[in-house]
Amino acid sequence: MILFKNTRIFDGSGAEPFPGDVLVQDNRIVAVSRTGAGGTSAPKATIVDGAGTTLMPGMTEAHAHLSWPSSVERFVPGMSLPPEDLALNTARNARILLDHGFTSASSGGALGKTLEITLKAEIDAGRTPGPRLVPASIEREPPNETAFLASGNVVEHGRGAEGVRAFVKECAAKGAKVVKFLLSGESALKPGASMQTLYSEEEMRAAGEQARESGVWLTGHAHCPDAIKMGLRNGFRVLYHCTYADDEAIDMLAARKAEIFVAPTIGIVQATLDATPPPHFDMSHMKADASAVLERQKKLAPELKRRGVRLLPGGDYGFPFNPNGRNARDLELFVRHLGFTATEALVAVTMRGGEIMGLEHELGRIEPRYLADLLLVRGDPTRDVTLLQDKQNLLAIMKDGRFHKAPVTPT
Ligand SMILES: [Zn+2]
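Now for a look at the structure at hand.

**What to know about the pairing of strand 16 (residues 402–405)**
Sheet analysis places strand 15 (residues 394–399) next to strand 16, joined by three bridges and oriented antiparallel. Opposite Met398, over in strand 16, you have Phe403 as the bridge partner. Counting the residues in the hairpin turn of strand 15 and strand 16 gives two residues, including Asp400, whose phi is positive at 55 degrees.

Rendered as structure tokens:
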């Protein structure tokens, strides 16, 4: 048993942090008590003194690309690695996310068919450190040797309803929990592509049917209105970007707010604007596209939030200029650009995170019976979310009741 004492508790619900104690037994939170309410008695518990800290639920990355090469520990000037390197690098990225307070990750696609599935098995068995993972199969073909960035090629499956159906079935059989489709193209990589749909209605209807039959979730990259609507009509659970949602798409998102999750994916947008590329790499087109996306998201995200659509942090980390490990920056960008308060951004990355992981009522809150994924943070992130970008401020990281990072005394 572990007893966090004398800390301020942000419980994930959006309520004001309050002083109190939290008791963990095995992998669950078993008691939460407010200071002055009698306290928690657990004579055998190991005590963690949380003076000057905030205890909050672990964070969830809603658009994770663990297999995308670059991280805060390793710069990779491109998107492709030899298979052995890719596998080891992906495992390291999983550890890096956990080091930075992300105890859960919902995948936005992998660079290998079974890479994340194998990784999840290793993590769940306790053989390698990493977040809880909703694993995906391959998102797109690994880029060719001359490509600096992911090519944006569609996944390697046959076209037509039968081809798509077979692909979803195969991913499910291999153990993927989500299957990712590029519903629209990506203008950052190919001018104009964000406004094009890459699949037919018939193909996505087949994907939706097969996903329900195989028990997997669908996630989609969708910028243009038609791509968003196609995803919504066919039961997609997560949509990334949604940049150019028109009124009808916004109405459809709001109508499905109990089922749908949206990750605006603002991290990559800001990183593109901030990047200073080497002279041989021309990013001017990407930067122009990112400016347009940012202006659009500044208006769209507050409107979706107002309509009750669940928006989650998660920002395509893994590109050379937007490395894995920087994921908590999305919180700052939600506050700076998307009309979120610090507390709302924290709710999105904790409680909503539990929901996107499929563990609603079990993960993402500090409540009795919830899974013990906890961060002991120096200071108060409800006043300043940027605190979470510095892993030195994460004094302890607990996942499933065990310390990934044992408490260090705050200084
Ligand atoms: Zn992505």
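**Some thoughts on empty space enclosed by the protein**
Enumeration over the complete set of coordinates arrives at one cavity of 30 Å³ or more. Here the largest cavity is characterised by a volume of approximately 40 Å³. Classifying every residue of the lining of the largest cavity by side-chain character gives two nonpolar, seven polar and one charged.

**So, unusual backbone geometry**
Even without a glycine there, the phi angle at Asn6 is positive, about 65 degrees. On the basis of relative accessible area, Asn6 is assigned to the partly exposed category, the value being 47%. Here the phi dihedral of Cys242 falls at roughly 55 degrees; this positive angle occurs in a residue that is not glycine. Residue placement: Cys242 occurs in the loop between strand 11 (238–241) and helix 6 (247–255).

**Some thoughts on the packing of aromatic side chains**
By the definition in use, this model includes seven aromatic pairs. With a centroid separation of 5.9 Å and an interplanar angle of 70 degrees, the aromatic rings of Phe167 and Phe181 are classed as edge-to-face. Placement of the pair is Phe167 in helix 3 (residues 160–174) and Phe181 in strand 9 (residues 178–182), with a sequence separation of 14 residues. With a relative accessible area of 0%, Phe181 lands in the buried category. Taken together through their ring pairs, the aromatic side chains of Phe167, Phe181, Tyr199 and Phe236 make up a single cluster. For the cation-ring pair, Arg34 lies above Phe18, with the distance from its terminal atom to the ring centre recorded as 3.9 Å. Geometry around Phe261 places Arg310 over its ring, the cationic atom sitting 3.9 Å from the centre.

**Observations regarding the layout of surface pockets**
Considering only enclosed or pocket space, the second largest pocket measures out at about 340 Å³ in volume. Taken together, 13 residues form the lining of the second largest pocket, with Ile123, Gly126, Lys399, Asp400 and Arg402 sitting closest to its centre. Counting residues per element, the ones that place at least two in the lining of the second largest pocket are helix 2 (115–124) and strand 16. Counting residues per element, the lining of the second largest pocket draws most heavily on strand 16, which supplies three residues. Here the lining of the second largest pocket is composed, by residue class, of four nonpolar, four polar and five charged.

**Some remarks on the sheet that holds strand 9**
Strands sit in the order 9-10-11-12-13 across an open sheet of five strands; the sheet is parallel. On the outer flanks of this sheet lie strand 9 and strand 13 (310–311), each paired with one strand and no other. Note that strand 12 (residues 261–263) and strand 13 share two bridges and pair parallel. Looking at the pairing, Phe261 lines up with Arg310 of strand 13.

Quick notes on the rules
Residues numbered from 1 in each chain as written. Predicted model: local features only at pLDDT ≥ 70, side-chain atom pairs only at ≥ 80, totals over all residues. Heavy atoms only, no water. Pairing = 2+ DSSP bridges. Helix = DSSP H or I, 4+ residues; strand = E, 2+ residues; numbered from the N terminus. 1 Å grid on protein atoms, 1.4 Å probe; cavity = no way out; pocket = protein on both sides within 12 Å on 5 of 7 lines; lining within 4 Å. Points joined across faces, edges and corners; volume = space filled by probe spheres on them. Nonpolar A, V, L, I, M, F, W, Y, C, P; charged D, E, K, R; others polar. Buried < 20%, exposed > 50% of the residue type's maximum accessible area, 1.4 Å probe, protein only. Phe/Tyr/Trp six-rings, centres within 6.5 Å; stacked < 30°, edge-to-face > 60°. Lys NZ or Arg CZ within 6 Å of the ring centre and 35° of its normal.

Everything listed here is a matter of coordinates, which is why it stays silent on function.
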